[in-house]
Amino acid sequence: MEYNLADLFESIVDTVPDREALVYVDHPGTGAERRLTYAELDRAANRLAHHLADHGIGPGHHVGLHLYNGVEYLQAAYACLKIRAVPVNVNYRYVEEELAYLYRDADLVALVFEAEFTGRAAAALPHAPALRHLVRVGSPPPGAPEPRIAPVALADAEAAGSPARGFAPRSADDQIVIYTGGTTGLPKGVMWRHEDIFFSGMGGGAPTGEPVKRPQELAERVAAGGDGLVFFPTPPLMHGTSTLTAFIAFHFGQKVVIHRKYAPEEVLRTIERERVTSVSLVGDAMLRPLVDALGGPLKGVDCSSLLSVSSSGAILSETVRAQFGALVPDALLLNNFGSSESGFNGTATDDAGAERGFRLRVNTRTAVVDPETRAPVPAGGTGRLALRGHVPLGYYNDPAKTAETFFEAHGDRWVLLGDMATVDEQGIVTVLGRGSQCINSGGEKVYPEEVEQALKAHPQVYDALVAGVPDERWGNRVAAVVQLREGAGTLDLAGIQAHCRSRLAGYKIPRAVVFTDRIQRSPSGKADYRWAKAVAAGEREA
């Protein structure tokens, strides 16, 4: 047995087959749900795996998962892993042109897709010559154009597939591909070996403890422990954070709860009903609505089961963290940092915030390096975050970007991340922001994330994004796109600037502001800086 994700899952299934593994709430508030034990989830994945194999899908073939959250997403992911195919996440917000690019760039051979997306899939299909097999979940909308390849209904695929295993031996070198969101450019597929992502993205079976030393040890730990932990990944499974959270829970032999879509009030009701112990989300865009519901219409809901709430993919502001801590004081709030290219890097310190910046205690494999020499910077120096050891193989279909991002030094393989950072004498890393989003104003560097932290500390500000817009004198000036709290009253540029002066150096203070009814983010809460820049420059309506 190797560190193969399908092998590891099956070892857990064989240890606790009758334990509840997955609870899926289709439409929050209606009571519609599905509950599967480990054995039932395993059989569902086996059926789809055999169907795919019977249609020529096998080792190394890329299979797109174009789905909302649901049993089918995790079923399809494990079905691919079982036959050594490569599951590829597909952003369900993408329109036809974006889908055509991803289908083609990923060299998809098969696609498991939501019936709601039939029209988009049909339009993108002619641009993906390798795509030859479709499995559809549900019934398409009336009048939706059918794809040129007739889809197989998932129910029919399951009926034809055997519930038994009977698969060929697998390898730790098998792959999964995680496509990045593409909010700053075209999406890129990050290629991970199973063993590498198991240790870097899933903590080696123990994200807060000692990683396993043998693959068999994972099931041994489950056999020696008990149940009672309930993990609730609230972002879309199409984003790596949520899928990895579900896999981590399965590696513990515990229960996973998922909703089809994020609905804050229903999330809280599910926490109470299912006695959820761990919630994962992405930044203020997801935590702030929970805070508002806890302090308003859902005041008094029982969150006493919560042990932890973790955020990754976007920074939690100091203001929202304080509000949540006052409402749910016994839950540990983890402001984690990671990426599709690195997995987990570290957790924010207690004093991280608008005053001191986003400060991280990083793991031993993370360093700040000079982007030119690739050598670690001295204390007080500035460079880019990098991770060594269990790192991805590179970017799919992009050798140039792979060579730019991945390197070898001192006997280790490294990935060079896009985040600029400094490191102090104690090894605490302060993340400045994405180098690609850095605003050069009169020669001074301004990182949007730092300004956004300051803006969101204003009591009238609900959400904010910051971008650079052209300026004849300074090259670029700092501009903010701001969403005010409902009923917050009026706020103008002068008020924004007065608030920021005590928190930011003068050159970082916004010189322009656009107020909007809604900040555009991905379904998981990640910033859409292309949108923010267009709005700030007046090229798009707020």
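Residues numbered from 1 in each chain as written. Predicted model: local features only at pLDDT ≥ 70, side-chain atom pairs only at ≥ 80, totals over all residues. Heavy atoms only, no water.

1. A few points about the state of the cysteines
Where two cysteines share a covalent bond between their sulfur atoms, that bond is called a disulfide.
Reasoning step 1: Per the stated rule, a full pass over the model turns up zero disulfides.
Reasoning step 2: C438 takes part in no disulfide bond, and the closest cysteine sulfur to it belongs to C500, at a distance of 17 Å.
Reasoning step 3: Classification of C500 by relative accessible area gives buried; the value is 0%. (Disulfide = S-S within 2.5 Å. Buried < 20%, exposed > 50% of the residue type's maximum accessible area, 1.4 Å probe, protein only.)

2. A look at the packing of aromatic side chains
Reasoning step 1: Counted according to the given criterion, the structure contains 16 aromatic pairs.
Reasoning step 2: Judged by centre distance (5.0 Å) and plane angle (80°), the rings of F198 and F199 are edge-to-face. Here F198 and F199 have matching classes, each one buried.
Reasoning step 3: When the ring of F337 is compared with that of F358, the centres are 6.0 Å apart and the planes differ by 50°; the resulting orientation is tilted. Here F337 is found in strand β14 (residues 332-339), whereas its partner F358 is found in strand β16 (residues 358-362), with 21 residues between them in sequence.
Reasoning step 4: Members of the aromatic cluster, joined through ring pairs, are F9, Y38, Y78, F247 and F250.
Reasoning step 5: Between the NZ or CZ atom of K188 and the centre of the ring of Y395, over which it lies, the distance is 5.5 Å. (Phe/Tyr/Trp six-rings, centres within 6.5 Å; stacked < 30°, edge-to-face > 60°. Helix = DSSP H or I, 4+ residues; strand = E, 2+ residues; numbered from the N terminus. Lys NZ or Arg CZ within 6 Å of the ring centre and 35° of its normal.)

3. Topic: the pattern of salt bridges
Reasoning step 1: All told, the structure shown has 35 salt bridges when counted by the stated rule.
Reasoning step 2: Taken together, the shared-partner salt bridges connect D7, E10, D14, D42, K82, R165 and R170 into one network. (Salt bridge = Lys/Arg side-chain N within 4 Å of Asp/Glu carboxyl O.)

4. Topic: the packing of helix α11 (residues 283-295) against helix α12 (residues 318-327)
Reasoning step 1: α12 packs onto α11 with a crossing angle of 40° between their chain directions and a minimal axis gap of 10 Å. By the angle class used here, α11 and α12 are oblique. In this structure, α11 crosses over α12, and the sense of that crossing is left-handed. Seen from α11, the contacting residues are D284, L287, R288, V291, L294 and G295; seen from α12, they are V320, Q323, F324 and L327.
Reasoning step 2: Here the contact of α11 with α12 is composed, by residue class, of six nonpolar, two polar and two charged. (Axes fitted to C-alpha atoms, helices over the stretch in contact; angles between N-to-C directions. Parallel < 35°, antiparallel > 145°, perpendicular 65-115°, else oblique. Left-handed = near helix turned anticlockwise from the far one by under 90°. Contact = heavy atoms within 4.5 Å. Nonpolar A, V, L, I, M, F, W, Y, C, P; charged D, E, K, R; others polar.)

5. Overview of the side chain of D196
Reasoning step 1: Mapping D196 onto the fold places it in helix α7 (residues 194-200).
Reasoning step 2: With a relative accessible area of 7%, D196 lands in the buried category.
Reasoning step 3: Side-chain polar atoms of D196 contact the side chain of H390, separated by 2.7 Å.
Reasoning step 4: Among residues more than four places away in sequence, those in contact with D196 are G201, H390 and V391. (Polar contact = N/O pair within 3.5 Å; in protein donor to acceptor, adjacent residues only side chain to side chain.)

6. Side note on the sheet that holds strand β27 (residues 512-515)
Reasoning step 1: An order of β25-β26-β27 is seen for the three strands of this open sheet, with the pairing classed as mixed. Bordering the open sheet on either side are β25 (461-471) and β27, each of which pairs with just one other strand. Within this sheet the neighbouring strands show an average axis-to-axis angle of 25°, counted without direction.
Reasoning step 2: For β25 and strand β26 (residues 475-484), the ladder comprises ten bridges, and the chain directions are antiparallel. Bridging from a neighbouring strand, A464 pairs with V482 of β26. (Pairing = 2+ DSSP bridges.)

7. Overview of helix α10 (residues 264-274)
Reasoning step 1: Among the residues making up α10, those that are buried are E266, V267, L268, T270, I271 and E274.
Reasoning step 2: Along its buried surface, α10 packs onto β1 (20-25), β2 (33-37), β10 (230-233), β11 (255-259), β12 (278-281) and α11.
Reasoning step 3: The positive-phi residue at the C-terminal boundary of α10 is R275, with phi of around 55°.

8. Some details on the environment of A106
Reasoning step 1: Along the chain, the position of A106 falls in the loop between α4 (96-105) and β5 (108-114).
Reasoning step 2: Here the alpha-carbon distance between A106 and R43, two residues 63 residues apart in the chain, equals 28 Å.
Reasoning step 3: Those residues in contact with A106, other than ones at most four positions away along the chain, are H62, V88, Y179 and Y396.

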